[in-house]
Every structure is written in structure tokens, then in C-alpha cells.
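Results of the structural survey
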Amino acid sequence: MTRSALAVARPNIALIKYWGKRDRDRNLPATGSLSLTLSGMSTRTRVTFRDDLPQDHLVLDGQLASPEAHARVIRVLDQVRRLSGITTPAEVFSDNDFPTAAGLASSASGMAALAVAASRAAGLDLDLGTLAGLARMGSGSAPRSLLGGLVWLPRGEDPEGLDCVPQCLHPPEEVPWGLVMAWTGRGPKAVGSTDGMEHTRLSSPYYDAWLDQSRRDLEQALVHARALDLSALGPLVEANAFAMHACALAARPPLRYWNGTTLAVMDQVLVLRRSGLRGWMTIDAGPHVKVLCPREDAETWAEALARVPGVLEVRQEVPGPGVEAAP
Ligand code: 2P0
């Protein structure tokens, strides 16, 4: 018997970062986070359970999955099999319509799409909390990509993560902001997020301070995000990203995701802001700089960042929808 389903999900960018886990086995975050789901890029994932397959078969962007990606996908598939009682192997085809090598984290969109496609293919109609738990097994930031627009993922207190369920603060059509992304390097990052945040937790003397600050940042950010007050939210977004990187930079040995062009873009953001343009930067576990700005200023930001020597590509994004399922 063959059962199949398709799902499409988009990446999200954290405005208040998740960096550190409170439970490694359950992949539960030590910090709550706030994010914007994007619209211009997507991952399409088809899952088919087939009893004629000898084992799970995973093809990501046309290639057999790496051992690391394979292990994450299998964790999600195994949980779907437990929930549904299905025992057959699955075939997974997943494609990003954006270059993974460009350094944008694709795990969030990939794992959100996988959770929805696999559960639907298995005949399950899961609530958001259960779907979030499934997506989280693949990637801690993936539950945020289940929803569109401005999304809050609480840290939660429950040992099983039952209260770590994303909430939409504003759907995409209500968020009048843009996100301008300046690519400053190619190739995979030297240290992946999972290892990077664990190394930070274990060795940075600032880790506890980061957790405290992050909790305060999120509390305030939620107020400003609900009010769609960009002038109040922007400085918090920027400070929170720098606090995350400061904590990682203090790890032993240090964890530095920036390159020279990252610094040049940061300088340019400050120059433009001093000239009166509104926009605030955030940086993830990589060298690229993303600027959150009023939507009407996105073009001006994009043109200015494209002129910074070393910037490889600039992309403008607007808020986008949550995961979409198809038969
Ligand atoms: C975030 N990042 O909130 C932060 C900011 C990167 C920097 O979530 O270990 O790939 O699979 O749960 O989801 C990247 O973390 O890590 C991430 P795992 P994931 O977007």
C-alpha cells in the first residue's frame, strides 16, 4: 500500500534568538524566540510510505541525505510511525527553491514541511502542539515555520515540551515590514547551530547572563511585536542578536560566525541609520546580515547594502505564510 502527501514551508528568521537547549534529547529550547516567517523561499517535501521499500530513502535537493540530515529525518519519521502505527519505510523527496549553500538555514522550513507531509501521509490529522513536537525533533527552530507572519515560540516549562508550541502574533498581511538579507559568504558554516549552541552552553562564561537577558528581551519584544511598533522592537532585535554572538564569542575556544564583510555591512547599517533610515540588523549562526525595516524602505536598504564591498547578493523578503499541505 502507498500513502503520500506533500507540504510546502518557508524559512523563518529569529528576531529574538533561540541559542541553547534546556533538554538535548527532546530538543527543547533554553530560550523562547520570536521570528518572522518569510515568503520568497520555500521547501517542498513529499513523503510516501511504501511497503515495497527495504528502508527509508531520503533525497534532499536531488542528492542522498548526509548522515546528519538522515538521522534528523529518521527521528521525525520514527515518531510518525509510533503515532500512526505504520511500520513501513518512507521515501522522502525534499527540494529548496533557494540555494542551501548560500548559508540560509534551511532546516526550519525543511523540518516543518517534513512534519506535516509525513504525518498527513500516515493519515494523521495532528493538532499544532503535536506537529510542533514532531518538527522540533528535526530542528528547534522548525516549529516557528509551521505558522506565518510574526511568530512566538515560548520556551515552555513542561519537561515534555507540551507548552513549547508556536503562536502567531500577527499573520503576514498585518506585518508592514521587510527583511533585507545581505549574503557575505558562501559554503557551509564551520560550526553548525546544534554544535555551536551546545559548545556555548558548556563553555561560555556568559551563558547564564545570555539566558537572563534573552528572557527580558523576549518579554519586551512581545509587547512591541504585538503593537507592531518597529521603532521599539528594532533596537531590541539588534541588541539580542549581538548578545547571542557575544555569548558565543566568549566560548572556549571562541565561536565566531562573522567575517570581514559582516563587519563592513554592520558599519554600513550604522551609517545609514545615522542618516535617518530606519532599520535594525540581526545575524544568525553564519556571516550574513539581515536588516528588519519598514517595507517601504526595503529597496533603499537593498541598494545600499549591495554596494558594500564583499557582499555577494542581496535579497528582499516580506512576511510569508505558514506551512501548506497538499494531498
Ligand atoms: C534562531 N538559530 O533562533 C537561532 C539563531 C541560529 C541562530 O535556531 O539544534 O538549526 O536543530 O535545534 O533549529 C538554528 O538552530 O538548531 C537557530 P537545532 P536549529 O533562529
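Residues numbered from 1 in each chain as written. Predicted model: local features only at pLDDT ≥ 70, side-chain atom pairs only at ≥ 80, totals over all residues. Heavy atoms only, no water.

1. Points about the site of the ligand
In the vicinity of the ligand lie 18 residues, with Tyr18, Lys21, Gly140, Ser141 and Thr194 positioned nearest. Separating an oxygen atom of the ligand from a backbone N or O atom of Gly140 is a distance of 2.6 Å. Note that an oxygen atom of the ligand is positioned 2.8 Å from one of the side-chain N or O atoms of Arg144. Considered on its own, the ligand offers 470 Å² of accessible surface; in the complex 94% of this is hidden by protein. The element best represented in the shell around the ligand is helix α4 (residues 193–203), accounting for 3 residues. (Near = heavy atom within 4 Å. Polar contact = N/O pair within 3.5 Å; in protein donor to acceptor, adjacent residues only side chain to side chain. Areas by Shrake-Rupley, 256 points an atom, 1.4 Å probe, with all protein chains shown as cover. Helix = DSSP H or I, 4+ residues; strand = E, 2+ residues; numbered from the N terminus.)

2. Details of the domain arrangement of the chain
Interface extent is often summarised as the accessible area lost during association of the parts. Segmentation of the chain into domains returns domain 1 (2–174) and domain 2 (177–317). One C-alpha centre belongs to domain 1, the other to domain 2, and the line joining them spans 23 Å. Across the boundary between the two partners, domain 1 contributes 32 residues, which contact 44 residues of domain 2. It is Ile16, Lys17 and Trp19 that lose the most area in domain 1 upon contact with domain 2, and together they represent 27% of the buried surface on that side. Scanning the region where domain 1 abuts domain 2 turns up 2 salt bridges. Between Arg24 and Glu198 there is a salt bridge whose closest N-O contact spans 3.3 Å. At the surface where domain 1 touches domain 2, the tally comes to 11 residue pairs in polar contact (both at pLDDT 80 or more). Counting only elements with at least two residues in the side of domain 1 that touches domain 2, the list comes to β2 (12–16), β5 (33–37), β10 (150–153) and β11 (167–170). Per-element tally for the side of domain 1 that touches domain 2: the top contributor is β2, with 4 residues. (Domains from an automatic or database assignment. Contact = heavy atoms within 4.5 Å. Buried area = accessible area lost by both parts, 1.4 Å probe. Salt bridge = Lys/Arg side-chain N within 4 Å of Asp/Glu carboxyl O.)

3. Section: the pattern of salt bridges
Overall, the coordinates contain 16 salt bridges when judged by the stated rule. Across the pair Arg50 and Glu91 runs a salt bridge whose closest N-O atoms are separated by 3.0 Å. One end of the pair, Arg50, is in strand β6 (residues 43–50); the other, Glu91, is in strand β9 (residues 90–96), with 41 residues separating them in the sequence. On the basis of relative accessible area, Arg50 is assigned to the partly exposed category, the value being 23%. (Buried < 20%, exposed > 50% of the residue type's maximum accessible area, 1.4 Å probe, protein only.)

4. Here we look at the pairing of strand β14 (residues 289–294)
Among the 6 residues that make up β14, 6 are buried, leaving the element largely enclosed by the rest of the structure. Between the antiparallel neighbours strand β13 (residues 280–282) and β14 lie 6 residues. (Pairing = 2+ DSSP bridges.)

5. Here we look at the side chain of Lys21
Within the fold, Lys21 resides in strand β3 (residues 21–23). No salt bridge forms around the buried Lys21; measuring N to O, its nearest opposite-charge neighbour Glu198 is 6.7 Å away. Polar contacts involving the side chain of Lys21 include one to the side chain of Tyr18, which spans 2.8 Å. Of note is the side chain of Lys21, whose polar atom sits 2.6 Å from the side chain of Asn27. (Lys, Arg positive; Asp, Glu negative; His and termini not counted.)

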